[in-house]
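# Coordinates in review
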Amino acid sequence: MAFHVRGLRSLRVSPISPISKPTRSRLPLLASMSSDSERYSLPDQVARFARANEEKNTRFLDIDSVYDGSYLKGKRVVITGGNRGLGLATTRELVAQGAETIVICRSSTPELDEAGVTGIVEGVDVTDAEALAAAADEIMAKGGAIDILLNNAGYFYGPEENVLDDSLNFDEQLKQIDICAVAPLRVSSAFVNKGLFKEGGRIVIISSQAGSAAWRLVQNPEGGDYGHHMSRAACNIAGVLLAQELRSKGIAVGLLHPGFNKTGMTKKYEHIWEVEGAVDASVGAKRVLHETKAISMETTGLFINCEDGLEIPF
Ligand SMILES: NC(=O)c1ccc[n+]([C@@H]2O[C@H](COP(=O)([O-])OP(=O)(O)OC[C@H]3O[C@@H](n4cnc5c(N)ncnc54)[C@H](OP(=O)(O)O)[C@@H]3O)[C@@H](O)[C@H]2O)c1
């Protein structure tokens, strides 16, 4: 590892080429689509996975059939929450593809320490604007501007929340909104204002299908789970506004649902992992990085399901 803010070792700076134009533009594709079913992913997760199996949809079932992470070689990428779960898997994949990878986290793990990253900026909570500004300074000082920011850190309160059994937890709702909605904006804002993006930089916000109000009609026929869904809906509106504001800077923003991944966060849903198509986080990481490649000024502000590459309605 080249730098670690708590216990600095050595600093490696690789030559970096500007991010190449994405090979795929989504807009012409969307314009030519005739129906919502071609444009939008399916809200029913069981039916979505069953359809993918029926259609032998290799894009969905075998990400290796389409994924090419070579665009990441030599790119300087920052990821939040890369110490475990999907973030750790994405970090490992970034390193495997030759990206100069810097992780921002609260505390490292033995797995992250072994991942071969360029830097770890530890002791940073994504709810702490001062710590994020200092992290941005540190990253700029130790290697300069970046190509991609991946906002991955997130939090999902355990118990279900319902009005009718009086189980709402307002503190937990605000905590989820702080971490899942305000934090991606907080991190992105710190990086933009510190001039940390190279020309053509991209911001990825790992959101969740949970933020789609339209999909609640199918996925939550009885309502509930307020804090989680509210936090991702707020995350999505922040992402759309950020995409609009950063057009003038040429920074593209992508909102990505990473699919259903077998991580600590979804352990409570272990009983439905297989029927709903949950995947190992290493697969989820490739799906995320496949869709990250497609983020451009033509697609900025779209909300994409990384399972099938289709849009999710807000
Ligand atoms: N797994 C899925 O199926 C799924 C589906 C939809 C969306 N997502 C989203 O994908 C992302 C990764 O999920 P995951 O499954 O890997 O979750 P996870 O296993 O629970 O990991 C969450 C990560 O976020 C970090 N984090 C949480 N609160 C933080 C804070 N206040 N400051 C800094 N870091 C913080 C955690 O760090 P600590 O170790 O310090 O706690 C950890 O690295 C999340 O944004 C999640 O909402 C996941």
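All chains use their own residue numbering, which begins from 1 and follows the written sequence. Predicted model: local features are reported for residues with pLDDT of at least 70 only, side-chain atom pairs are reported and counted for 80 or more only, and whole-chain, interface and lining totals are derived from all residues.

### So, the overall build of the chain
Cut-off, in case you're wondering: Numbered from the N terminus, helices here are DSSP runs of H or I no shorter than four residues, and strands are runs of E no shorter than two. Exposure is read from a count of other C-beta atoms within 10 Å of each residue's own; the residue is exposed at 12 or fewer, buried at 20 or more and partly exposed in between. C-beta atoms are placed from the backbone.
Each helix and strand in the chain was counted, giving 11 helices and 10 strands. The 314 residues of the chain split such that 45% are buried.

### Notes on the site of the ligand
The condition that has to hold: In this analysis a residue is considered near a molecule or strand if the C-beta atom, reconstructed from its backbone, is found within 6 Å of that molecule or strand. Residues are grouped as follows: Ala, Val, Leu, Ile, Met, Phe, Trp, Tyr, Cys and Pro are nonpolar; Asp, Glu, Lys and Arg are charged; all remaining types, including Gly, are polar.
Of all residues adjacent to the ligand, which total 28 residues, the nearest are G81, G85, L86, G154 and T263. If one sorts the elements of the shell around the ligand by residue count, helix 5 (residues 85–96) sits on top with three residues. Classifying every residue of the shell around the ligand gives 11 nonpolar, 14 polar and three charged.

### Observations regarding helix 7 (residues 129–141)
We apply this condition: An expected span of 1.5 Å times one less than the residue number is assigned to each helix. To be clear, the arc concerns the directions from the helix axis to the C-beta atoms. Contact between two residues is assigned whenever their backbone-derived C-beta positions fall within 7 Å.
Taking 1.5 Å per residue as the helical rise, helix 7 with its 13 residues ought to reach 18 Å, and the 18 Å between its terminal C-alpha atoms agrees with that figure. Looking at helix 7, one finds that the buried residues are L132, A135, A136 and I139. Taken end-on, helix 7 shows its buried residues confined to a sector of 100°, consistent with a single buried face. Among the exposed residues of helix 7, those oriented more than 90 degrees off its buried face are E130 and A141. Taken together, the buried residues of helix 7 touch strand 2 (76–80), strand 3 (100–104), strand 4 (119–121), strand 5 (146–151) and helix 8 (170–193). In the segment just after helix 7, G143 is the residue with positive phi, at about 135°.

### As for the nonpolar core
Stated precisely, the cut-off is as follows: Any set of buried Ala, Val, Leu, Ile, Met, Phe, Trp, Tyr and Cys residues joined through C-beta atoms within 7 Å is what this text calls a nonpolar core.
One finds V77, V78, L149 and V204 to be the most contacted residues of the largest nonpolar core, which totals 68 residues. Top element by residues in this core is helix 8. It accounts for eight residues. Every residue in contact with V77, bar those within four places of it in the chain, is listed here: L72, L94, A99, E100, T101, I146, D147, I148 and L150.

### A few points about the pairing of strand 3
For the record, the criterion: When DSSP finds two or more bridges between a pair of strands, those strands are recorded as paired. Consider the strands pointing away from the viewer: the crossover is right-handed when the path from the first strand over the helix to the second runs clockwise.
Strand 3 sits mainly inside the fold: five of its five residues count as buried. Burial of the side chains of strand 3 extends over both faces: E100, I102 and I104 are buried on one face and T101 and V103 on the other. Relative to strand 3, strand 2 runs parallel, the two sharing five bridges. Each residue of the ladder has a partner; that of V78, found in strand 3, is I102. With respect to chirality, the unit in which strand 2 leads through helix 5 into the neighbouring parallel strand 3 is right-handed.

### Section: the confidence of the model for the chain
Atom-level detail of predicted coordinates should not be read off regions where pLDDT is low. Filter applied, for reference: Confidence of the prediction at every residue is given by pLDDT, a number between 0 and 100.
Averaged over every residue, the pLDDT of the chain is 91; residues scoring 70 or more account for 89%. Below pLDDT 50 for its whole length, residues 7–25 participates in 31 contacts with residues either more than four positions away or in separate chains.

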